[in-house]
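Overview (structure and organization)
Here's the letter readout for the chains.
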Amino acid sequence: ASGYYKVVKENRNLYNMVQDLKGNIRVYCRIRPSFTAEAKTVIDFIGEDGSLVILDPLKPHKDGRKVFQFNRMFGPTATQDVVFKDIQPLIRSVVDGYNVCIFAYGQTGSGKTHTMSGPSGGSTKDRGINFLALNYLFQMSDRRKDIINYDIHVQMVEIYNEQVRDLLAEDSSTTKLEIRSCTSDNGLSLPDATICSVKSTTDVLNLMKLGEVNRVVSSTAMNNRSSRSHSVLTVHVHGKDTSGGILRSSLHLVDLAGSERVDKSEVTGDRLKEAQYINKSLSCLGDVIMALAQKNTHIPYRNSKLTLLLQDSLGGHAKTLMFAHVSPEEDSFGETVTTLKFAQRVSTVELGAARLNKESSEVMQLKEQIESLKKALANKE
Ligand code: ADP
Ligand code: MG
């Protein structure tokens, strides 16, 4: 059997390389550990090749088996480091000039925040992708300092009830931000959000703490740590090489609100409004992904703040990775199937090939010449 898995694994690597060239949205699946040892699990099989088999607790026989296939599978014992090691090449491509977007999807309590931020309370153990990615960007920038000079800035916002709030502002409750959809001029898609220069992991930790405090967290029947908003940490990388060439890229790190269907009979008032808004943003994400998968000419990015903000990453020339998070317990079976089906659909989306955002020094010099000629012309007239 081990021989068989080895072959499958090698084929998978090849498959992933082809996916890379095609520019598909990559989909990784992560299953969190059970909270209690005696809890019954729906996980039947996890393959090194990225496959997953789950078993319907009501049909504990052949008919109840559902098979899924992803680019990678991380089981309950996978550590943060193992997960990060896998995405390290993706983070490296940010300093090479690619736009990258990583988002965490799944029902409340399935491990999204664990993957992106790590455990709350500033524990130094089990740090998540947000911290590890920035740490790695600093390392890369240091390693290349003789040939290229990098500046790293971060913005952190939350989308809550279809409003974008600045999580790094002094008074985050009053600022409501507009999203600019056209970023082709290298402008920022959130021009009014606080943007902070970061030079070390200490800077990053301080900002993350501030962001965490500002984030709206309210309780649901399911999990009082649940978060009903989407949080987006954007890292802007700007590089200037010794010959004057400019490189610009961005990395979006997104922790989505819980994907569970909210039983509207159980919630009223503000909570109901909240549920409808959250569902709106996530269902728009689904619509956009469907439209991309079907290669429609019209992609409905404008229908929600989330899709508008991620427009360049979802349909553009970015490298996009989705983490589909699932809980292993039997009582989550329904949501687990919904999440896995959604994730499977996402993995069929083809993006354009990822594009490098780098202007050669020749182009820069020509631009400068054009500018000085324009000035000379203006002076003559
Ligand atoms: P979500 O953000 O999807 O609502 P959380 O990340 O808050 O879920 O996870 C719910 C709980 O499970 C938290 O207490 C978290 O620390 C724990 N948890 C999630 N994933 C893992 C994991 N891979 N290993 C250990 N604990 C985890
Ligand atoms: Mg969370």
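Preceding block: the structure.
Attention in this report is confined to the structure presented alongside it. (Residues numbered from 1 in each chain as written. Chains lettered and ligands numbered in written order. Predicted model: local features only at pLDDT ≥ 70, side-chain atom pairs only at ≥ 80, totals over all residues.)

Around ligand 1 there are 15 residues in total, and R32, G111, K112, T113 and H114 lie nearest to it. Here the shell around ligand 1 takes three residues from helix α3 (residues 112-116), the largest share from any one element. (Near = placed C-beta within 6 Å. Helix = DSSP H or I, 4+ residues; strand = E, 2+ residues; numbered from the N terminus.)

Relative orientation of the contacting elements helix α2 (residues 80-95) and helix α4 (residues 129-143) amounts to 50°, with a least axis distance of 10 Å. With respect to each other, α2 and α4 are oriented oblique. Helix-helix and strand crossings are classified by hand; for α2 and α4 the assignment is right-handed. Judged by residue contacts, F84, I87, Q88, I91, R92, V94 and V95 of α2 engage I129, L132, A133, Y136, L137, M140 and S141 from α4. (Axes fitted to C-alpha atoms, helices over the stretch in contact; angles between N-to-C directions. Parallel < 35°, antiparallel > 145°, perpendicular 65-115°, else oblique. Left-handed = near helix turned anticlockwise from the far one by under 90°. Contact = placed C-beta atoms within 7 Å.)

Its place among the elements puts F342 in helix α9 (residues 333-346). For F342, a count of 19 C-beta atoms within 10 Å translates into the label partly exposed. It is 9.5 Å that separates the C-alpha atoms of F342 and I289, two residues lying 53 residues apart in sequence. (Buried ≥ 20, exposed ≤ 12 C-beta atoms within 10 Å, placed from the backbone.)

Turning our eyes to something else, we now look at the sheet that holds strand β2 (residues 43-46). If you trace the three strands from one edge of the open sheet to the other, you get β2-β3-β4, paired in antiparallel fashion. Unpaired on one side and paired on the other, β2 and β4 (65-69) mark the two borders of the sheet. Each neighbouring strand pair of the sheet contributes to a mean axis angle of 15°, computed without reference to strand direction. (Pairing = 2+ DSSP bridges.)

Moving on, we get to α9. Relative to the 20 Å expected for 14 residues at 1.5 Å per residue, α9 spans 20 Å between its end C-alpha atoms, a close match to the ideal helical length. Within α9 the residues assigned to the buried category are F333, E335, T336, T339, L340, A343 and V346. Along the axis of α9, the buried residues cluster in a sector spanning 160°; they form a single face. (Expected span 1.5 Å × (residues − 1). Arc of directions from axis to C-beta.)

Turning our attention to the packing of α4 against helix α5 (residues 201-214). Orientation of α4 relative to α5, taken along the N-to-C sense of each, is 155°, at an axis distance of 10 Å. What the angle tells us is that α4 and α5 run roughly antiparallel. Our pair here, α4 against α5, has a crossing hand that is right-handed. Here α4 contributes N130, F131, L134, N135 and F138 to the contact with α5, which in turn contributes T201, V204 and M208. By residue class, the composition of the contact of α4 with α5 is five nonpolar, three polar and no charged. (Nonpolar A, V, L, I, M, F, W, Y, C, P; charged D, E, K, R; others polar.)

It is worth spelling out the pairing of strand β8 (residues 163-166) at this point. As judged from the four bridges shared by strand β7 (residues 148-160) and β8, these two strands associate in the antiparallel manner. The residue bridging E158 from the neighbouring strand is R165, located in β8. Between β7 and β8, which pair antiparallel one after the other, the connecting turn spans two residues, and N161 there sits at a positive phi close to 50°. As paired strands, β8 and strand β9 (residues 176-177) are joined by two bridges and run antiparallel to one another.

Relative to the 21 Å expected for 15 residues at 1.5 Å per residue, α4 spans 20 Å between its end C-alpha atoms, a close match to the ideal helical length. For α4, the complete set of buried residues consists of I129, N130, F131, L132, A133, L134 and L137.

Regular strands have side chains that alternate between both faces of the sheet. By the bridge criterion, three bridges tie β2 to strand β3 (residues 51-55) in an arrangement that is antiparallel. Looking across to β3, one finds that F45 is bridged to V53. Joining the antiparallel neighbours β2 and β3 is a turn of four residues, in which G50 adopts a positive phi near 100°.

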